[in-house]
Structures are given as C-alpha cells and as structure tokens.
Amino acid sequence: MELWLPLGLAIVALALGTLWRREGRARRAIAQQARLDLKSLEVQLSSAADELAWVGPALAASNEILLAVDSELRLRFANPAAVGRFGEPNGLVGLFSYSTNLELEQLARDALETDSSDGLARTIRIEDRPFKARAVRAGREVGLALTDVAELQRLTRARQDFIANLSHELNTPLTSLRLLVDTLLSKAGNDRQLATELANKMLVEVDALHLMTQEMLDLAAIESGQQVVRLVTVPLLELAEETVERIRDQAERKGLMVEVTIEPGLHVLADREQAARALLNVLHNAVKFSPTGGRIELGGRQDSPEELVVLTVADTGPGIPPEELGRIFERFYRVRGSTPSPGTGLGLAIAHHILRAHAGRIWAENRPAPEKGAVFHLGFQAA
Ligand code: ADP
C-alpha cells in the first residue's frame with residue numbers, strides 16, 4: 001500500500017505533464033496562427049491604404065464631377081471638380097442645398113429606389129449647361145458622376161451644320177454649271193460669243209468648287225501636322241502686295257478700292273506660302289463681305305521690339321457681331337444670318353492654324369462706331 005501511493009502520484013504527475021505539454025503546443029500554434037493572421041491583415045490594410053493614396057490624385061485629375069450621398073441624400077463626398085462647380089461643402093449638407101439642382105436630387109432619389117445594378121443615366125442642366133449624369137446605388141449610398149457635354153453637343157451641331165452648308169455650297173455651283181452646260185449644248189451654244197461668255201461663267205463656278213475642296217484638303221493637312229513651316233525673313237510690304245495681286249481682279253469686279261500702307265522696314269519670320277494663304281483667306285472675306293464700291297485697307301505695325309509685327313486688314317462690310325468675334329476662327333463656324341455667300345466656314349480656321357504654327361496669332365474686331373466694317377489682325381514674329 002505504501003508502495004502504491006508514490007507510484008500513483010508519479011503516474012498522475014506524468015499525465016499532468018503530458019497534458020500541460022500538449023496544451024502548450026496548442027497555445028503556441030494558436031499564437032503562431034494569430035501572428036500570421038495579424039500579418040496578413042496588416043498587409044491588406046497597408047495595400048488598401050496604398051490604393052486609397054492613389055485614389056485621391058485620380059479623383060482630383062477627373063474632369064467629371066463625382067459625388068456620393070447617403071440614404072438621406074446628405075453629401076458624403078465631393079471631388080475637386082465638384083468643388084470647382086458647386087463650392088466647398090459646408091458640413092453634412094443635403095444634396096439639394098449643395099447643388100441647388102432639383103434634377104440632380106431627383107436622380108439620386110430615383111437611384112436609391114431602383115433595383116438595377118446599372119444605375120440610372122439622364123441628361124440634366126446645371127447653370128444652363130447640359131451634363132450627362134449617372135447615378136449608381138451601392139447599398140444605401142448613391143454615387144453620382146456628371147460629365148459636361150456642352151462642347152460635345154456644340155461639335156455635333158457644328159458637324160451637322162458643316163454637312164448642311166457643304167451640301168448647299170456644292171449644290172449652288174453644280175446647279176449653275178448644269179444650266180450653263182445645257183445652254184452650251186443647245187442651239188444657242190453655236191453662237192461663238194455666247195459660248196465664250198458661258199465658258200467664262202463655268203470657269204468661275206469651277207474655281208469656287210476648286211477653292212472649297214482646296215480649303216478642306218489644307219485644313220486636313222494642317223490639322224494632321226503634315227505641313228512643315230519653313231520660316232524665312234519676309235518683308236511685310238512684299239507679302240501684302242503679292243497677296244493683294246491675287247485678289248485684284250475679284251476686287252475690281254466689285255469696284256472695291258484696295259490700299260496698302262505698310263512701312264518697307266517691317267520684316268516678319270514666316271513661311272512665305274503659308275503666310276500668304278492666311279492673308280488670302282482674310283482678303284477673300286474682305287472682298288466677299290464688302291459692299292460694291294467699298295474699301296479694303298492693309299496696314300502694318302510693330303508697337304515695341306518684343307511685340308509681334310501685325311498686319312491689319314480693314315474692310316467696309318457689315319462687321320461681325322461682337323459675341324461672334326471669338327468664334328469665327330473655329331472650323332465650320334459661320335455667323336448665322338450673315339449675308340449669304342459662298343464659303344465653308346474653313347478659311348479663318350486655316351488662317352488661325354497657320355498663325356499658331358508661326359508662334360503668332362490672329363484676331364478680329366470691328367471698326368470703331370460710327371464706321372462699319374471688320375478689322376483682322378495677323379501677328380507674326382518679328383524677323
Ligand atoms: P467662310 O467660308 O464662311 O467665309 P471663314 O472661316 O472665312 O468661312 O469665315 C467664317 C465666318 O466669319 C464667315 O462665314 C462670316 O460670317 C464671318 N466673317 C469672316 N470675315 C468677315 C468679314 N470680313 N466681315 C464680316 N464677317 C466676316
């Protein structure tokens with residue numbers, strides 16, 4: 001009996017020891033696992049923080065207005081483009097108070113109620129500008145993205161106008177060519193003098209068609225950057241006089257007086273041919289818009305050595321509505337309701353591109369009242 005007691009105690013101690021060691025191993029394994037979990041959580045957190053750090057600049061770079069609202073339509077996020085448009089949000093403000101736009105608030109409200117995962121899209125107006133607006137619900141929050149489509153709509157309209165103009169402008173010379181050919185082929189065409197007259201009229205129409213196609217080809221070439229600008233020193237007076245010669249006949253036919261008053265000492269850095277092309281386009285308009293018996297004046301100036309040398313072309317036409325002065329250099333742009341005249345709305349766009357390629361600029365204004373007429377300024381780098 002005395003022998004059994006220590007033996008029993010030893011067995012119990014052994015069992016306890018084994019249990020303790022097993023327990024320790026289990027605890028160590030759990031601790032090890034916890035350390036691994038913690039590590040992977042840290043990695044996930046830091047990569048999420050990294051991603052967030054990149055989201056900021058991306059949101060700042062976006063031209064789109066990005067907003068997020070909660071289920072109560074309170075503003076939770078506004079990117080810099082949104083702040084630029086609606087201002088800095090003042091605390092937890094409602095979407096309507098922030099944007100003062102009912103259509104936007106309605107869109108967010110509708111998005112909250114829709115089941116569609118694609119969200120909702122509509123065109124809304126903000127301060128009179130059209131925006132393509134998209135709203136997507138995520139849980140009980142709504143994300144809103146707004147894209148300004150005013151420019152897109154304007155370009156689409158300009159393209160449609162251009163096609164309509166072009167068809168009209170092509171139609172007019174083609175119809176008269178058809179009539180002239182018919183007359184030439186009829187008995188009347190046997191009269192030598194009449195035939196010559198008809199042929200000359202056909203020549204005018206063919207020239208107009210040629211100018212139109214040339215303008216389109218030029219603009220395409222300039223815009224695709226295919227034209228190389230070879231700058232040389234060009235005397236301004238020479239450039240003006242040579243180019244005026246090219247419209248002399250046209251001007252005389254309309255009884256227009258063309259005067260060139262340019263100091264011989266003015267020189268510009270220009271690609272002769274391209275500079276003449278820009279000036280020719282301006283002169284063509286001056287002839288086209290001036291009334292019979294009008295006057296076209298070409299002048300030149302350099303106010304100070306650092307400034308551009310400016311060639312001016314002033315006419316006695318109707319002038320340009322002040323609100324259109326900045327837009328007439330856009331391609332295809334023609335002042336609505338201006339005297340009907342052949343043209344595509346490309347001439348000034350070409351001149352604008354050419355001056356830009358010369359590190360110069362072109363702009364227009366009207367003669368000071370009570371005089372009438374447009375004044376175009378072509379600024380070149382001084383040679
Ligand atoms: P277009 O082929 O129509 O002449 P332009 O690009 O040369 O195209 O000119 C664009 C528009 O600018 C013209 O349609 C006209 O409305 C206006 N414009 C240009 N020059 C003059 C001018 N000298 N006087 C009045 N309006 C002008």
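So, how was this worked out
- Residues numbered from 1 in each chain as written.
- Predicted model: local features only at pLDDT ≥ 70, side-chain atom pairs only at ≥ 80, totals over all residues.
- Heavy atoms only, no water.
- Pairing = 2+ DSSP bridges.
- Helix = DSSP H or I, 4+ residues; strand = E, 2+ residues; numbered from the N terminus.
- Axes fitted to C-alpha atoms, helices over the stretch in contact; angles between N-to-C directions.
- Contact = heavy atoms within 4.5 Å.
- Phe/Tyr/Trp six-rings, centres within 6.5 Å; stacked < 30°, edge-to-face > 60°.
- Buried < 20%, exposed > 50% of the residue type's maximum accessible area, 1.4 Å probe, protein only.
- Expected span 1.5 Å × (residues − 1).
- Core = buried A, V, L, I, M, F, W, Y, C linked by side-chain atoms within 4.5 Å.
- Salt bridge = Lys/Arg side-chain N within 4 Å of Asp/Glu carboxyl O.

Caption draft 1: Representation of the sheet that holds strand 9 (residues 295–301) within the structure. Taken in spatial order, the five strands of this open sheet run 7-9-10-12-11, and their pairing is mixed. What marks the edges here is a single partner per strand, and that holds for strand 7 (257–261) and strand 11 (361–366). Between one strand and the next, the sheet's axes are offset by a mean angle of 15°, whatever the strand orientation. Inspection of the sheet shows strand 9 paired to strand 10 (residues 309–314) by five bridges, in the antiparallel sense. Note that in strand 10 the partner of Gly300 across the bridge is Leu311. Contacting strand 7, strand 9 and strand 10, helix 7 (residues 236–253) runs over the sheet at an angle of about 175° to strand 7.

Caption draft 2: Representation of the packing of aromatic side chains. Scanning the entire structure with this criterion turns up two aromatic pairs. Where Phe329 meets Phe376, the ring centres are 6.2 Å apart and the plane angle is 80°; that geometry is what we call edge-to-face. Taken as a pair, Phe329 in the loop between strand 10 and helix 9 (347–357) and Phe376 in strand 12 (residues 374–380) lie far apart in primary sequence, 47 residues in all. Of the residues examined, Phe329 reaches a relative accessible area of 10% and is grouped as buried.

Caption draft 3: Representation of helix 8 (residues 272–289). Between its first and last C-alpha, helix 8 extends 26 Å over 18 residues, near the 26 Å set by a 1.5 Å rise per residue. In terms of residue burial, helix 8 counts as a mostly covered element, since 14 of its 18 residues are buried.

Caption draft 4: Local environment of the nonpolar core. Counting 52 residues, the largest nonpolar core has Ile296, Leu298, Phe376 and Leu378 as the members making the most contacts within it. Examining the composition of this core, we find that nine residues originate from one element, helix 8, more than from any other. If you look at the next biggest cluster of nonpolar residues, it comprises 24 residues, including Leu75, Ala111, Ala135 and Leu146.

Caption draft 5: Molecular detail of the side chain of Ser62. Locating Ser62 in the fold gives a position in the loop between helix 1 (4–61) and strand 1 (65–69). Excluding its chain neighbours within four sequence positions, the residues that come into contact with Ser62 are Asn79 and Ala81.

Caption draft 6: Geometry of the pattern of salt bridges. All chains considered together, the criterion is met by 17 salt bridges. Residue Arg76 pairs with Asp70 through a salt bridge whose shortest N-O separation is 3.0 Å. Judged by relative accessible area, Asp70 falls into the buried class, the value being 5%. Between Glu238 and Arg272 there is a salt bridge, with its nearest N and O atoms 2.5 Å apart. Taken together, the residues span a long stretch of sequence, with Glu238 in helix 7 and Arg272 in helix 8 at a distance of 34 residues. When its relative accessible area of 32% is taken as the criterion, Arg272 is described as partly exposed. Taken together, the salt bridges that share partners define one network made up of Glu151, Arg154, Arg327 and Glu330.

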